[in-house]
Amino acid sequence: MKFTFHNPTRIIFGAGTIEQLGSTVSAYGRKALLVTGGGSVKNSGTFDRAAASLKDAGVSFAECAGVEPNPRLSTVARGAEMARKEGCDVVVALGGGSTMDAAKVMAAAIFYEGDLWDMFPHGQGNRRLPEKALPIITVPTLAATGSEMNCGSVITNEESTIKSFVTAPCLYPKAAVVDPELTASVPKNQTAFGVCDLITHVTESYFNGVDGTPLQDRFAESVILTAMEWGPRAVADGNDMEARAQVQWASVVALNGWVQAGTFGPYPVHMIEHVLSAHHDIAHGAGLAIVNPAWMRFAAKARPERFVQFAERIFGIQAKHPEDQEAIAEGIDRFEEFLRAIGCPTRLFEVGIGDTMLERYAQDTVLVAHDDQGRLPGRPVMTTAEIVEVLRSAL
């Protein structure tokens, strides 16, 4: 193994830590662009608590509300323009993964010259990453994406219906105020989608990463097992703070880079799902619950021993040999059953997607992520025909 790992985000974790937001933000600026999504943060009282903490610390703010569940490029541009006009010197994201992703790019867009879409791969030849951003503070209200402690962002260009990603060091939040109490009002279905999302973050590197990473394998398995143990409790009872805290921490660890260190795995399941949510505006975690088991059945043919390991260590299935196909099938089936049991869809028809655009979905997928032969990176690499095959199996 040979790798470099660095994560500069300071994390302030625990129930009631929202009260520390103001003192945290005041170390980086005096006027914040406060980025929010729909009305849930106001209905739950979270917005008022955040605003009070900022006020007590002498930090004023301008609110950029209305970030969509799959945040749009035009919304990012709107937020950046607001920050310029209001003279904001720090950006605070108060919401779920979409709000945090949008806030990160808003913070960088203030300094970015040219077309913002050039930050994101979409088949162009002139991609240019952001190099500077306003300080970013994240306050997640949903356990799902882990965006509070990483340097990634996913944005949809609504004009081209392409959903793409950007990762850059300047997008790392300076601090993340992670208060599990803020997730108590999250509906059951969104809680379930978040559990699926965080699990998929680690299965991507677990199945697609390089060989010879036994410690990272154990890290990934512990995140999966923790999510499967505490996730159903969080779904069943939003006020179960112990369950909320354990799922929240699992979400952070799943994508702050620690589990993935040294694995160098691509994210084919995410790339395929991004296309579905770009075209149909479905919840990202719901799309992952459909795509991931279907992809696993396809990928298991290329790396059976890894899927046997998954079946044995996650579900306690006793394999007869290192490439036991029955054990593999049972492991994937039981994983899919878990997703279904907590309320996730596992077939495309459940979210209103049919078979009329499968080829388009495949083409859009490799437009954003592809190797030098135009195939989707992963283990195994996938042609557009194979992406169609996986999607068809998920109908």
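As the structure is a computational prediction, the values presented were derived from the model and not from experiment. (Residues numbered from 1 in each chain as written. Predicted model: local features only at pLDDT ≥ 70, side-chain atom pairs only at ≥ 80, totals over all residues. Heavy atoms only, no water.)

Colleague: Quick one: what's the story with the overall build of the chain, residue by residue and with numbers?
Modeller: Looking only at helices and strands, one finds 14 helices and 8 strands in the chain. The C-alpha atoms of the chain give a radius of gyration of 20 Å, which matches the 21 Å a tight globule of 395 residues would have. Across its three principal axes, the chain shows a C-alpha extent of roughly 65 × 45 × 45 Å. Looking at the chain residue by residue over its 395 residues, the buried ones come to 59%. Intrachain contacts of the chain at a sequence separation of at least 6 include 78% that bridge at least 24 residues. Just so you have it, the chain exposes about 15,300 Å², and 51% of that area is on carbon and sulfur atoms. Charge separation in the chain, taken as the distance between the mean sites of 34 positive and 46 negative side-chain charges, equals 3 Å. (Helix = DSSP H or I, 4+ residues; strand = E, 2+ residues; numbered from the N terminus. Rg over C-alpha atoms; globule rule 2.2 N^0.38 Å. Buried < 20%, exposed > 50% of the residue type's maximum accessible area, 1.4 Å probe, protein only. Contact = heavy atoms within 4.5 Å. Areas by Shrake-Rupley, 256 points an atom, 1.4 Å probe, with all protein chains shown as cover. Lys, Arg positive; Asp, Glu negative; His and termini not counted. Charge placed at Lys NZ, Arg CZ, Asp CG, Glu CD.)

Colleague: Provide a residue-level description of the packing of helix α7 (residues 214-236) against helix α8 (residues 241-254), including the pertinent values.
Modeller: Two numbers describe how α7 lies on α8: the axes approach to 8 Å, and their chain directions differ by 145°. Crossing hand, α7 versus α8: left-handed. Note on element contacts: α8 touches α7 through Glu242, Ala243, Arg244, Gln246, Val247, Ala250, Val253 and Ala254, opposite Val223, Thr226, Trp230, Gly231, Arg233 and Ala234. Broken down by class, the residue content of the contact of α7 with α8 amounts to 8 nonpolar, 3 polar and 3 charged. (Axes fitted to C-alpha atoms, helices over the stretch in contact; angles between N-to-C directions. Left-handed = near helix turned anticlockwise from the far one by under 90°. Nonpolar A, V, L, I, M, F, W, Y, C, P; charged D, E, K, R; others polar.)

Colleague: Kindly report on helix α14 (residues 384-393), identifying the contributing residues and their values.
Modeller: Listed in full, the buried residues belonging to α14 are Ile387, Val388, Val390 and Leu391. Across the axial projection of α14, the buried residues extend over an arc of 160°, all falling on one side. Buried residues along α14 sit in contact with α9 (268-280), α10 (284-299) and α13 (358-368). (Arc of directions from axis to C-beta.)

Colleague: If you had to explain the packing of aromatic side chains to someone new, which residues and values would you point to?
Modeller: Per the counting criterion, the structure on display carries 13 aromatic pairs. Their ring planes at 65° and their centres at 5.4 Å tell us that Phe5 and Trp258 sit as a pair that is edge-to-face. Highlighted residues: Phe5 in the segment before β1 (10-13) and Trp258 in the loop between α8 and α9, separated in sequence by 253 residues. Note on Phe5: relative accessible area 35%, which makes it partly exposed. Look at Trp258 and you get partly exposed, because its relative accessible area is 42%. Between Phe13 and Trp249, the ring centres sit 5.6 Å apart and the planes meet at 70°, which makes this aromatic pair edge-to-face. Linking Phe13 in strand β1 with Trp249 in helix α8, this pair joins segments that are 236 residues apart in sequence. Classification of Phe13 as partly exposed rests on a relative accessible area of 32%. Judged by its relative accessible area of 38%, Trp249 falls in the partly exposed class. Within the aromatic cluster, the residues linked to one another by ring pairs are Tyr206, Phe207, Trp295, Phe307, Phe310, Phe315 and Phe335. Here the guanidinium or amino end of Arg127 rests over the ring plane of Phe165, the centre of that ring lying 5.8 Å away. Residue placement shows Arg128 over the ring face of Tyr112; its charged tip is 4.2 Å from the ring centre. (Phe/Tyr/Trp six-rings, centres within 6.5 Å; stacked < 30°, edge-to-face > 60°. Lys NZ or Arg CZ within 6 Å of the ring centre and 35° of its normal.)

Colleague: Could you give me a rundown of the environment of Gly212, with the residues and numbers involved?
Modeller: Locating Gly212 in the fold gives a position in the loop between α6 (188-208) and α7. Classification of Gly212 by relative accessible area gives exposed; the value is 51%. Separated by 211 residues in sequence, Gly212 and Met1 place their C-alpha atoms 7.4 Å apart.

Colleague: Run through the nonpolar core, naming residues and quoting values.
Modeller: Counting 107 residues, the largest nonpolar core has Ile199, Trp295, Phe307 and Phe310 as the members making the most contacts within it. It is α10 that contributes the most residues to this core, 10 residues altogether. Beyond its immediate sequence surroundings of up to four residues, Trp295 is in contact with Phe207, Asn208, Pro268, Val269, Phe307, Arg379, Met382 and Val390. Judged by nonpolar contacts, the second largest core, of 20 residues, contains Leu21, Val41, Val139 and Ala175. (Core = buried A, V, L, I, M, F, W, Y, C linked by side-chain atoms within 4.5 Å.)

Colleague: Lay out a nonpolar patch on the surface in plain terms, naming residues and giving numbers.
Modeller: Among the surface-exposed residues, Met1, Phe3, Phe5, Val210, Trp258 and Phe264 lie close enough to one another that they form a single nonpolar patch of about 620 Å² accessible area. Looking at the secondary structure, you find Val210 in the loop between α6 and α7. (Patch = residues over 30% accessible without salt bridge, like charges linked within 9 Å, V, L, I, M, F, W, Y side chains within 5 Å. Salt bridge = Lys/Arg side-chain N within 4 Å of Asp/Glu carboxyl O.)

Colleague: Could you give me a rundown of the pattern of salt bridges, with the residues and numbers involved?
Modeller: Taken as a whole and assessed by the stated rule, the structure comprises 19 salt bridges. When the shortest N-O distance is used, the salt bridge between Asp211 and Arg379 registers 3.1 Å. Separated by 168 residues along the polypeptide, Asp211 in the loop between α6 and α7 and Arg379 in the loop between α13 and α14 bring together distant segments of the chain. Taking relative accessible area as the criterion, Asp211 reaches 52% and is therefore assigned exposed. Residue Arg313 is joined to Glu221 by a salt bridge in which the shortest nitrogen-to-oxygen separation is 3.1 Å. One end of the pair, Arg313, is in helix α11 (residues 304-315); the other, Glu221, is in helix α7, with 92 residues separating them in the sequence.

Colleague: Please provide a residue-by-residue account of the state of the cysteines, values included.
Modeller: As enumerated under the stated definition, the model contains 0 disulfides in all. The closest cysteine sulfur to the non-disulfide-bonded Cys151 is located on Cys170, 8.6 Å from its own sulfur. (Disulfide = S-S within 2.5 Å.)

Colleague: Give me helix α12 (residues 325-341): which residues, what numbers.
Modeller: Structural remark: α-helix, 3.6 residues per turn; residues separated by three or four positions point the same way. Here α12 contains 17 residues, and its C-alpha end-to-end distance of 24 Å stays within 8% of the 24 Å for a straight helix at 1.5 Å per residue. Burial in α12 covers these residues: Ala327, Ile328, Gly331, Ile332, Phe335, Glu336, Phe338 and Leu339. (Expected span 1.5 Å × (residues − 1).)

Colleague: A description of the environment of Phe111 should follow, citing residues and the corresponding values.
Modeller: Examined against the element boundaries, Phe111 turns out to sit in the loop between α5 (97-109) and β5 (136-140). Distance in space between the C-alpha atoms of Phe111 and Lys132 is 6.5 Å, their sequence separation being 21 residues.

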